[in-house]
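Each chain is listed here by its residues.
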Protein chains: 2
Amino acid sequence: MKGNVIVGQSGGPTAVINASLAGIIKASRKAKIPKIYGMHYGIEGFLNEDLIDLDDYITCDSDLSLLKRTPASFLGSCRYKLPSADENEAIYEKIFAILEKYNIEYFLYIGGNDSMDTIQSLSDYAIANGKTQKFMGVPKTIDNDLPLTDHTPGYGSAAKYIATSMKEIIRDNESFGASKPTICIVEIMGRHAGWLTAASVLSKDVDCSGPDLIYLPEIPFDVDQFLEKVKELAAVKRSVVIAVSEGLRLADGRFVCELSQTSEYVDAFGHRQLSGCASYLAGKVTSTTGLKSRPIEFSTLQRCATHMASRVDVDEAYEVGFIAAKAAFEGNTGMMVIIEVSEREPYLTNYNMYDIHEIANVERKVPLHWITRNGTYVSDEFVEYASPLIIGTILPYYAGGLPKHLTLKRYDHK
Amino acid sequence: MKGNVIVGQSGGPTAVINASLAGIIKASRKAKIPKIYGMHYGIEGFLNEDLIDLDDYITCDSDLSLLKRTPASFLGSCRYKLPSADENEAIYEKIFAILEKYNIEYFLYIGGNDSMDTIQSLSDYAIANGKTQKFMGVPKTIDNDLPLTDHTPGYGSAAKYIATSMKEIIRDNESFGASKPTICIVEIMGRHAGWLTAASVLSKDVDCSGPDLIYLPEIPFDVDQFLEKVKELAAVKRSVVIAVSEGLRLADGRFVCELSQTSEYVDAFGHRQLSGCASYLAGKVTSTTGLKSRPIEFSTLQRCATHMASRVDVDEAYEVGFIAAKAAFEGNTGMMVIIEVSEREPYLTNYNMYDIHEIANVERKVPLHWITRNGTYVSDEFVEYASPLIIGTILPYYAGGLPKHLTLKRYDHK
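Residues numbered from 1 in each chain as written. Chains lettered and ligands numbered in written order. Predicted model: local features only at pLDDT ≥ 70, side-chain atom pairs only at ≥ 80, totals over all residues. Heavy atoms only, no water.

1. Observations concerning the overall build of chain A
Right, on to step 1. Per the secondary structure count, chain A includes 12 helices and 15 strands.
Right, on to step 2. Its C-alpha atoms give chain A a radius of gyration of 23 Å, near enough to 22 Å, the size a compact globule of 414 residues would have.
Right, on to step 3. With respect to the three principal axes, the spread of C-alpha positions in chain A is 75 × 55 × 45 Å.
Right, on to step 4. Counting over 414 residues, chain A shows a buried share of 63%.
Right, on to step 5. Counting only contacts in chain A whose residues sit at least 6 apart along the sequence, the fraction spanning at least 24 positions is 76%.
Right, on to step 6. When the accessible surface of chain A is split by element, carbon and sulfur atoms take 48% of a total near 14900 Å². (Helix = DSSP H or I, 4+ residues; strand = E, 2+ residues; numbered from the N terminus. Rg over C-alpha atoms; globule rule 2.2 N^0.38 Å. Buried < 20%, exposed > 50% of the residue type's maximum accessible area, 1.4 Å probe, protein only. Contact = heavy atoms within 4.5 Å. Areas by Shrake-Rupley, 256 points an atom, 1.4 Å probe, with all protein chains shown as cover.)

Spelled out as C-alpha cells, the structure:
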C-alpha cells in the first residue's frame, strides 16, 4: 500500500498558488493515496508538526473549483531557509522522523527559488541516507525568475493584473490635462528581475498608448537622465505614465529607494525603512520640474488579485501540481516540473521535469537584448513572449457582490 | 425644432462616469436631438470651444455598451471652479455665446460638489438674464458626499473594489504569520468623508475576518491610542489589517500625513509634498513596536477599476444620466437627479429631482452614530446601507486577455 502525501506552500503567495494545490490533491485522489496532508505555514509549520488533514476541508470537485479561485496560500506560507545537513543534521533527522511518523512517502513543495533549494536538500539527504521518500518541486512565483521553465505559474496572472491596472491608470491619468501635464509613476514588484515591470507594456493596444517609459532593474538607473526624459515628454504630452521596478539601482549599486531621506522610518533594530522607488521619483519630479506627479504602488495587490486571474495561468498552475504529484508517485525525486512552449501563436505547450540541482538558487533575468530604447522600454520579442500568458479569464464565484474564497477557518460574526 | 445637447464630465473620474454619459446619449437619441456635443475636458475645454461631436465616436448601441465598460472620463475632465457672475460676468457672456453659436439648449454636467455649483451658477444666470437654456446636474463621485441622494453613482463600484481588494489583502496577509505578526495598513480615499473607508467592512463574511480596525476622518485620530490598539491586536493575532482614510486628522486639525518629515518632497512652489497616511502610520508602528508593517494605498485604482464595476452602480449611473437628460428636454433646469431607496432588502429604488441650491457645496459625512467601538469600526446599519450597492458584476469585453475600452483616439503602434 502506498504511503501518504504532504504538500506545502512557501514564499510570497500568487493568484494561482492554490490551483497547484488543487492539482496535487486531484492527482493524489486519482492515485488513491490514503491521506493528503498540508503543511500549515510551510516547512516552518511542518517542523512544529502543524499538519492539516485536507480531507477535512476539501471533499469534492466543487471545493477544488473554489480552491482554484482562492487567492494567497490556502495552507499558509513561510519564508524559511533550510540549513544544510552539514550545518544542522538534527533538523533533517527531525523532518524524516515526522515523515515516518505520518507514513508520508511523497513530499511536494510549491514555491520559488528558496523552496527548490529545500527540495534539493531533502532529496539529496534522502538519497545519501537510504531514505525512500520522494521530493518534488512545483514552480510558483510572480517574479518569473526560475530557470529552465519557459515561465512560472503565478507570473501570467500578475502580468494580467499589471497590464489591466496599467490600462485603467493610463485612462484615468489621461482624463485630466486640459492645462498642465500629470506624471504618474507606477511601482511594480521584482527586486532583481524585471519580468513584472516589463508586463506593463501589454497594456499597449489600439485603445491604449501603453506606458511612456519602462525601467527594469536589469539596467543601472540614472536619476538625471530620467528627469530629462520626463521633461521631454511633458513638453509634448499632457499625460505621462511611467512603469518602474521596485528594484531599480544606481550604477553604484544602491537601490533608488535608498535615496529617500525618511528619517521617521527607523525600525526597532535601527534599520531605516525605505520608502518606495515611485514615491521617491515622483517627489523628485515635482521638486525639480514643478510638474504634478503621483506615485502608485501595486504592492501585494499584484500577487493576490485572483478575481482577475489568467485562465492560461490557472490551468498551467493546476497542471504542474498534478504532474509533479504523479511523477512522485511514479518514483521520481529531486526534480521540478517545467513548462515548455513549442509555439507562442497558436500557444502550444507541454510539461517536462528537470533536475532540481539545475534550478535551485539560479535566478533568471530579462534578456538584455529585450530591453530597448536605451534602457527605457521593452521589445516586441517580450510582447510576443508574454502575450499568451494573460489570455482568458476565470471568473470568481460571487456572493453578495464579492468573490467567495475557501478558507481553513470559518468566521462567525455576531 | 429642438436645440442641441452638450454634456460634460468634471472632477475625479469614477468607474461608471461613462455609464451616465451613455444614458444621456441614449435619452438624447430617443428624443431626436439633432446634435450631441461633448465638452473636451469639462467646462475648461468648453471655454476654449473644444467640443466633440459624439456622433463621430458613438454610432450604435454596441458602442454605448463599450462606453459603459470604459473607465475614467471618456470626454476628459477638469477641476475648474466657475467664478460667480459678480466676479466675472464676461465668462458667463462667453459661455452663453458659445451655447448660442452651437444652438445648444440643454447643458448636462456629470460631477460632484463643484460641478453642481457650476450648474447652479449657470441656471441662476440664465433665469436672471432671460436665457432659455436648461442646466441639469448628474451626480457622480466615489466619495458619496452629495446630500439628498441616498448615494452617488460611482460609490458602489469603488466600494466593491475596496471590499474585494481588502478581502484579497487580508488573505494575503494571513498567509504568513507562523512566527511574527504582520500589520498591514490600507489607505483609502475620502479626504473629509469616510464612506469609502467604511466600505472596507463589507469584506467581512464567513470566509473573511474583515479589517481589524477602521478609522474614518469624521473622528479625530490619536496616534498613541492607535499604537496601543495595534499592540493589543498583535498580542493575540498573527495578521492585523487596518483600514485608514487618507484624510485622518489629529484633534488639533492637522492631517496625520502632515506628521511625516519627508524633507525631499518639496515642490517648485516650496510646498512640502505629503507622503501618505498609511505610510506614516506603518513607519510609526515599526519604529515604536518593532512589528513588521506594510502600507498599501489603493490610490486611483479605487476609482478606475471598471473591470469590477458593480452592476447596480452601472445601471443607476446610466439611469440618472438618462433621466437628467429627459428632464431637461421637458423644460426642467437648476436641478440634480437623486436616487431614493425605499427598501434596502429587497433593494427598491426610484429617482427624483432636487433643487440644485440644496445640493451644491453641501458635503454629507458618515453619520456619527454609525461609527462604533470608540471610533475604530462601523455599525451594522452602515453594512445594511452599503451592501446592496455592490451587487452584481458587469463583465468587461475582453480581447487578448485585457478589457477593451472606447477611446477618442486610436493608437497606431508601429
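2. Examining unusual backbone geometry
A negative phi angle characterises most non-glycine residues, just as the trans form characterises most peptide bonds.
Residues and elements named next belong to chain A.
Right, on to step 1. Cis geometry marks the peptide bond from Glu345 to Pro346; its omega dihedral reads 0°.
Right, on to step 2. Inspection of the secondary structure puts Pro346 in the loop between β10 (335–344) and β11 (347–355).
Right, on to step 3. The backbone phi angle of Asn374 is positive, close to 60°, even though this residue is not glycine.
Right, on to step 4. Tracing the backbone through its elements, the reader meets Asn374 in the loop between β12 (371–372) and β13 (377–378).
Right, on to step 5. Residue Asn374 is classed as exposed on the basis of its relative accessible area of 75%.

3. Let's talk about the packing of helix α8 (residues 223–236) of chain A against helix α9 (residues 277–289) of chain A
Residues and elements named next belong to chain A.
Right, on to step 1. Two elements in contact, α8 and α9, have axes separated by 11 Å at closest approach and are oriented at 65°. Relative to α9, the element α8 is oriented roughly perpendicular. Once α8 is placed against α9, the crossing between them reads as right-handed. Touching Val223, Phe226, Leu227, Val230 and Lys231 of α8 are Leu281, Lys284, Val285, Thr288 and Thr289, all from α9.
Right, on to step 2. Among the residues making up the contact of α8 with α9, the classes are represented as 6 nonpolar, 2 polar and 2 charged. (Axes fitted to C-alpha atoms, helices over the stretch in contact; angles between N-to-C directions. Parallel < 35°, antiparallel > 145°, perpendicular 65-115°, else oblique. Left-handed = near helix turned anticlockwise from the far one by under 90°. Nonpolar A, V, L, I, M, F, W, Y, C, P; charged D, E, K, R; others polar.)

4. A closer look at the packing of aromatic side chains
All names here are of chain B.
Right, on to step 1. Considering all chains together, one arrives at 40 aromatic pairs over all chains under this definition.
Right, on to step 2. Look at Tyr318 and Phe322: their rings are 6.4 Å apart centre to centre, the planes differ by 35°, and that puts the pair in the tilted class. One end of the pair is Tyr318 and the other is Phe322, both in helix α11 (residues 311–329) and 4 residues apart, which spans about a single turn. Grouping residues by exposure puts Tyr318 and Phe322 together as buried.
Right, on to step 3. An angle of 70° between the planes, with centres 6.3 Å apart, marks the rings of Trp370 and Phe382 as edge-to-face. Residue Trp370 is located in the loop between β11 (347–355) and β12 (371–372), and its partner Phe382 is located in helix α12 (residues 380–386); the two are separated by 12 residues in the primary sequence. (Phe/Tyr/Trp six-rings, centres within 6.5 Å; stacked < 30°, edge-to-face > 60°.)

5. Brief notes about the state of the cysteines
A disulfide bridge is the covalent bond that connects two cysteines by way of their sulfur atoms.
Right, on to step 1. Following the criterion strictly, the structure yields 0 disulfides over all chains and no others.
Right, on to step 2. Unpaired in terms of disulfides, Cys304 of chain B finds its nearest cysteine sulfur in Cys184 of chain A, a separation of 9.1 Å. (Disulfide = S-S within 2.5 Å.)

6. Comments concerning the relation of the copies chain A and chain B
Right, on to step 1. Under the fitted operation, chain A is carried onto chain B by 0.0 Å of movement along the axis and a turn of 180°, and the coordinates agree to an RMSD of 0.0 Å. Taken together, the turn and the small shift mark the pair as related by a two-fold rotation axis.
Right, on to step 2. Comparing contact sets, 100% of the residues at the interface of chain A also lie at the interface in chain B, consistent with an isologous, same-surface contact. (Least-squares fit on C-alpha atoms with pLDDT ≥ 70 in both.)

7. Section: the interface of chain A and chain B
Right, on to step 1. Of the residues lining the interface, 93 residues belong to chain A; the matching set on chain B comes to 93 residues.
Right, on to step 2. Summed over both partners, the interface of chain A with chain B buries about 7400 Å², with 55% contributed by carbon and sulfur atoms.
Right, on to step 3. Considering only the surface of chain A that becomes buried against chain B, Glu168, Arg171 and Phe176 of chain A emerge as the three largest contributors, covering 10% of it.
Right, on to step 4. Note that Asp205 of chain B and Lys404 of chain A form a salt bridge whose closest N and O atoms lie 3.2 Å from each other.
Right, on to step 5. Summed over the shared surface of chain A and chain B, the number is 31 residue pairs in polar contact (both at pLDDT 80 or more).
Right, on to step 6. Looking at the side of chain A that touches chain B, the elements that each hand over two or more residues are α6 (155–175), α9, β9 (292–297), α10 (301–304) and β15 (402–403) of chain A.
Right, on to step 7. Considering each element in turn, the side of chain A that touches chain B owes the most residues, 12 residues, to α6 of chain A. (Buried area = accessible area lost by both parts, 1.4 Å probe. Salt bridge = Lys/Arg side-chain N within 4 Å of Asp/Glu carboxyl O. Polar contact = N/O pair within 3.5 Å; in protein donor to acceptor, adjacent residues only side chain to side chain.)

8. Focus on the side chain of Ser200 of chain A
Right, on to step 1. Along the chain, Ser200 of chain A falls in the loop between α7 (195–198) and β7 (213–215).
Right, on to step 2. When near neighbours in sequence (up to four residues on either side) are disregarded, Ser200 of chain A contacts Ile162, Met166, Ile188, Pro211, Ile214 and Ala243 of chain A.

9. Things to note about the pattern of salt bridges
Right, on to step 1. According to the stated counting rule, one finds 30 salt bridges over all chains in the structure shown.
Right, on to step 2. As a salt-bridge pair, Lys404 of chain B and Asp207 of chain A come within 3.8 Å of each other at their nearest N and O atoms. Placement of the pair is Lys404 of chain B in the segment after β15 (402–403) and Asp207 of chain A in the loop between α7 and β7, with the two residues belonging to separate chains. A single burial state applies to Lys404 of chain B and to Asp207 of chain A, both of which are buried.
Right, on to step 3. Between Lys26 of chain B and Asp61 of chain B there is a salt bridge, with its nearest N and O atoms 3.1 Å apart. Within this pair, whereas Lys26 of chain B is found in helix α1 (residues 17–30), its partner Asp61 of chain B is found in helix α3 (residues 61–68), the two being separated by 35 residues in sequence.
Right, on to step 4. Shared partners join several salt bridges into a network, and the residues in it are Lys167, Asp205 and Asp207 of chain A together with Lys404 of chain B.

10. Quick word on the sheet that holds strand β9 (residues 292–297) of chain B
Strand-to-strand pairing in sheets goes through backbone hydrogen bonds, with the strands running parallel or antiparallel.
Residues and elements named next belong to chain B.
Right, on to step 1. The strand order β7-β8-β6-β9 describes an open sheet built from 4 strands, whose pairing is parallel. At either margin of the open sheet sits one strand with a lone partner, and together these are β7 (213–215) and β9. Shown here is a sheet whose adjacent strand axes are inclined to one another by a mean of 15°, direction ignored.
Right, on to step 2. Relative to β9, strand β6 (residues 182–188) runs parallel, the two sharing 6 bridges. The residue bridging Ile183 from the neighbouring strand is Ser293, located in β9.
Right, on to step 3. Along the sheet, helix α6 (residues 155–175) contacts β6, β8 (239–245) and β9; its crossing angle with β8, the most-contacted strand, is approximately 150°. (Pairing = 2+ DSSP bridges.)

11. Observations regarding the environment of Ala15 of chain B
All names here are of chain B.
Right, on to step 1. Tracing the sequence through the fold places Ala15 in the loop between β1 (4–9) and α1.
Right, on to step 2. The class for Ala15 is buried, based on a relative accessible area of 5%.
Right, on to step 3. Along the chain, Ala15 and Ser157 lie 142 residues apart, while their C-alpha atoms are 6.4 Å from each other.
Right, on to step 4. Setting aside residues up to four positions removed in sequence, Ala15 forms contacts with Thr70, Ser157, Arg303, Ala305 and Thr306.

12. Some details on the environment of Val138 of chain A
Residues and elements named next belong to chain A.
Right, on to step 1. As for its placement among the helices and strands, Val138 is situated in strand β5 (residues 134–139).
Right, on to step 2. When the C-alpha atoms of Val138 and Gly8 are compared, they prove to be 9.9 Å apart, with 130 residues separating the residues in sequence.
Right, on to step 3. The residues contacting Val138, other than those within four sequence positions of it, are Ser20, Ile24, Leu108, Tyr109, Ile110, Gly111, Met116, Val320, Gly321, Ala324 and Met336.

13. Structural notes on the packing of helix α4 (residues 89–101) of chain B against helix α5 (residues 113–128) of chain B
The angle between the axes and the distance between the axes are what describe a pair of packed helices.
Residue and element names in this part refer to chain B.
Right, on to step 1. Two elements in contact, α4 and α5, have axes separated by 11 Å at closest approach and are oriented at 80°. Here α5 runs roughly perpendicular to α4, going by the angle between their axes. Side by side, α4 and α5 meet where Glu89, Tyr92, Glu93, Ile95 and Phe96 of the first sit next to Ser121, Leu122, Tyr125 and Ala126 of the second.
Right, on to step 2. Along the lines of polarity and charge, the residues of the contact of α4 with α5 split into 6 nonpolar, 1 polar and 2 charged.

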